[in-house]
Amino acid sequence: MTDSQHPVRPTDPRTVSELAEAVHAGLPSTIADLSSLVRIPSVSWDAFDPAHVAESAEAVAQLVRETGLFDEVTVSRAPIGDTGATGQPAVLARREARDGKKTVLLYAHHDVQPQGDDAHWDTPPFEPTLKGDRLYGRGASDDKAGVMTHVAALRAVREVVGDDLGVGIALFIEGEEEFGSRSFADFLAQHRDQLAADVIVVADSDNWSTSVPAITVGLRGNVTFRLTVRTLAHASHSGMLGGVVPDAMMAMVRLLASLHDDDGGVAVAGLRSRDAQHPEQSEETLREESGLLEGVRTIGHGPLLSRVWSQPSITVTGIDAPTVANASNTLSPEVSVRISARVAPGQPAAEAYEALREHLLTDPPFGAHVSIDDVDTGDPFLVDTSGPAIADVTVAMTEGWGEAPVQTGIGGSIPFIADLVKTFPHAEILVTGVEDPDTRAHSPNESQHLGVLQKAILTEAILIARLDAEIR
């Protein structure tokens, strides 16, 4: 169901049938190309080899060139503000619209999260492994399957429509989304004309299930930073001074505990929630999808999906402290943690950061010295569901999946969407994706359901064909 004020006609059944045949026939090549991309460990974080990200960008660029739709496909970088640093390589291509037709910008990213501990993977993280209907590997879904959705959809459209394609196509495959898209705004400024579009498809979200698609209409924002607590000028013997001077770990634990109430809900004044309607989700489904252990209770207040889509959350994602194996009988003078907070739609990320900052720096435990640095923020986003493009993609999903899509929120963040809105304020933004509840993006044993991939490709091919035919 859509809130769009623009009713549309179905796509020509013959076009849908021909596109479905082309997508199905091309699926083996699509899976093979996706597997080749997964083999490239394109982690964009500073601590990893940037040569792999460069290799991934070149591989994607070659796939785009082979579609035959673009006169020029480039690999480009942009500066990161005035830092003197340069961002990771992105792939850029453009095909101009003809006869006054619209232009669609197709976005995905080719960089991936670190694999973490290989021991937690059932298969090698960068060796794509097919088991049943799923292809396993880091980036197999997030977001190299998004990349291949664009490539395969363009292949199918060219096969069916041919060189008469009039709709404009811009393609932007980013190389640093998993590292905060730090050069994104500069890239948009540098390539504004090449990226300008009427409709923007961001293929980096999830679906309701493997049989029911979703259009993401709400995303939480994010605030991340390093929090450091110091209590001593140097480490001291825990037997000699324990019980009289506080160690940094003790102060840190108490400070972190103050971020939540007894039920695990966020207890930071100034962090706001959004009042909205949410579909029902059973606790049984949540426990199964999340892997929540028997006896462990859920946290927070209100409907389950409200807690994920429309309320803030705070997570400690990392800690720098002595390891258990190397622990000595000393009082730690300093401890640092990484905080990742999610911001409800409707609240600016900067406002949420100030609320967190005030909470953490005001009256810390035992008078500990508390500092915050390495701050990164991204605003939440609500999709305008009243435009014609949302109606087009609703029809395309229904025809591509055989099921009408659900309009959903997600608990994750895509901060760069705010940059797209600022740069292209009149463009309609559609957030789609290839994930499902069992994908485990960012986690060990990430996988892509191949049936979902096929339906996502067909949906996008139908959408492009609809824009080309200007169906209304």
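Up top you'll find the structure we're talking about.
Quick summary incoming for the structure in this document.

About the cut-offs
Residues numbered from 1 in each chain as written. Predicted model: local features only at pLDDT ≥ 70, side-chain atom pairs only at ≥ 80, totals over all residues. Heavy atoms only, no water. Helix = DSSP H or I, 4+ residues; strand = E, 2+ residues; numbered from the N terminus. Rg over C-alpha atoms; globule rule 2.2 N^0.38 Å. Buried < 20%, exposed > 50% of the residue type's maximum accessible area, 1.4 Å probe, protein only. Contact = heavy atoms within 4.5 Å. Areas by Shrake-Rupley, 256 points an atom, 1.4 Å probe, with all protein chains shown as cover. Axes fitted to C-alpha atoms, helices over the stretch in contact; angles between N-to-C directions. Parallel < 35°, antiparallel > 145°, perpendicular 65-115°, else oblique. Left-handed = near helix turned anticlockwise from the far one by under 90°. Nonpolar A, V, L, I, M, F, W, Y, C, P; charged D, E, K, R; others polar. Patch = residues over 30% accessible without salt bridge, like charges linked within 9 Å, V, L, I, M, F, W, Y side chains within 5 Å. Salt bridge = Lys/Arg side-chain N within 4 Å of Asp/Glu carboxyl O. Core = buried A, V, L, I, M, F, W, Y, C linked by side-chain atoms within 4.5 Å. Phe/Tyr/Trp six-rings, centres within 6.5 Å; stacked < 30°, edge-to-face > 60°. Lys NZ or Arg CZ within 6 Å of the ring centre and 35° of its normal. Pairing = 2+ DSSP bridges.

### Observations concerning the overall build of the protein chain
Okay, so step 1: Looking only at helices and strands, the protein chain has 13 helices and 18 strands in total.
Okay, so step 2: Since a compact globule built from 472 residues should have a radius of gyration of about 23 Å, the 24 Å found for the protein chain is in line with a globular shape.
Okay, so step 3: For the protein chain, the spread of C-alpha atoms along the principal axes amounts to about 80 × 45 × 45 Å.
Okay, so step 4: Of all 472 residues assigned to the protein chain, the portion counted as buried reaches 51%.
Okay, so step 5: Relative to all contacts within the protein chain whose residues are 6 or more apart in sequence, the contacts with residues 24 or more apart total 81%.
Okay, so step 6: Roughly 21000 Å² of accessible area belongs to the protein chain as shown, and the carbon and sulfur atoms make up 50% of that amount.

### So, the side chain of His150
Okay, so step 1: Residue placement: His150 occurs in helix 3 (residues 144–161).
Okay, so step 2: For His150, a relative accessible area of 0% corresponds to the buried category.
Okay, so step 3: In contact with His150, other than residues within four places in its own chain, are Leu106, Tyr107, Ala108, Leu171, Ile173, Val201, Ala203 and Glu460.

### Side note on the packing of helix 11 (residues 388–401) against helix 13 (residues 450–469)
Okay, so step 1: The interhelical angle for the contact between helix 11 and helix 13, taken along N-to-C directions, is 135°, at an axis separation of 8 Å. Classified by the angle their axes make, helix 11 and helix 13 are oblique. Between helix 11 and helix 13 the crossing geometry is right-handed. Residues Asp392, Val393, Val395, Ala396, Met397, Glu399, Gly400 and Trp401 of helix 11 lie in contact with helix 13, whose contacting residues are Val452, Lys455, Ala456, Leu458, Thr459, Ile462, Leu463, Arg466 and Leu467.
Okay, so step 2: Per-class residue counts for the contact of helix 11 with helix 13 are 11 nonpolar, two polar and four charged.

### Describing a nonpolar patch on the surface
Okay, so step 1: Taken together, Met240, Leu241 and Val244 make up a surface patch of nonpolar side chains, about 320 Å² in accessible area.
Okay, so step 2: Mapped onto the elements, Leu241 comes out in helix 6 (residues 238–241).

### Topic: the nonpolar core
Okay, so step 1: By size, the foremost hydrophobic cluster in this structure holds 86 residues, and its most contacted members are Val64, Ile169, Phe172, Ile200 and Leu420.
Okay, so step 2: Of all the elements, helix 13 adds the most residues to this core, at 12 residues.
Okay, so step 3: Grouped together as the second largest cluster of nonpolar side chains are 27 residues, Val335, Val337, Ala341 and Val370 included.

### Points about the packing of aromatic side chains
The geometry of an aromatic ring pair is captured by the separation of the ring centres together with the interplanar angle, meaning the angle of the planes.
Okay, so step 1: For the structure shown, the criterion picks out eight aromatic pairs.
Okay, so step 2: Summarising the aromatic geometry, the rings of Tyr107 and Phe184 are spaced 6.3 Å apart at their centres and angled 70° between planes, so their arrangement reads as edge-to-face. Of this pair, Tyr107 sits in strand 3 (residues 103–109) while Phe184 sits in helix 4 (residues 184–190), placing them 77 residues apart in sequence.
Okay, so step 3: Taking NZ or CZ as reference, Lys131 lies 4.8 Å from the ring centre of Tyr136, over its face.

### Comments concerning the sheet that holds strand 13 (residues 334–343)
Okay, so step 1: Read across the sheet, four strands follow the order 11-13-9-14 without closing on themselves; strand pairing throughout is antiparallel. Because the sheet does not close on itself, it has two edges, and the strands there are strand 11 (313–320) and strand 14 (369–378). The mean angle between the axes of side-by-side strands here comes to 20°, regardless of whether they run parallel or antiparallel.
Okay, so step 2: Sheet topology places strand 9 (residues 221–230) next to strand 14; eight bridges connect them, and they run antiparallel.

### Let's talk about the packing of helix 3 against helix 13
Okay, so step 1: The contact between helix 3 and helix 13 brings their axes to 8 Å, and the two run at 50°. Taken as axis vectors, helix 3 and helix 13 run oblique relative to one another. For the pair helix 3 and helix 13, the sense of crossing is right-handed. From helix 3, Ala145, Met148, Thr149, His150, Ala152, Ala153, Leu154, Ala156, Val157 and Val161 reach across to helix 13, where they touch Leu453, Ala456, Ile457, Glu460, Ala461, Ile464 and Asp468.
Okay, so step 2: A class-by-class count of the residues in the contact of helix 3 with helix 13 yields 13 nonpolar, two polar and two charged.

### Describing the pattern of salt bridges
Okay, so step 1: Taken as a whole and assessed by the stated rule, the structure comprises 14 salt bridges.
Okay, so step 2: With a shortest N-O distance of 3.8 Å, Lys101 and Asp468 are connected by a salt bridge. Here Asp468 lies in helix 13 and Lys101 lies in the loop between strand 2 (90–95) and strand 3, a separation of 367 residues in the sequence.
Okay, so step 3: Residue classification places Asp468 among the buried positions, given a relative accessible area of 9%.
Okay, so step 4: Residue Arg138 pairs with Glu446 through a salt bridge whose shortest N-O separation is 2.7 Å. Of this pair, Arg138 sits in the loop between strand 5 (134–136) and helix 3 while Glu446 sits in the loop between strand 17 (428–435) and strand 18 (447–449), and the two are 308 residues apart along the sequence.

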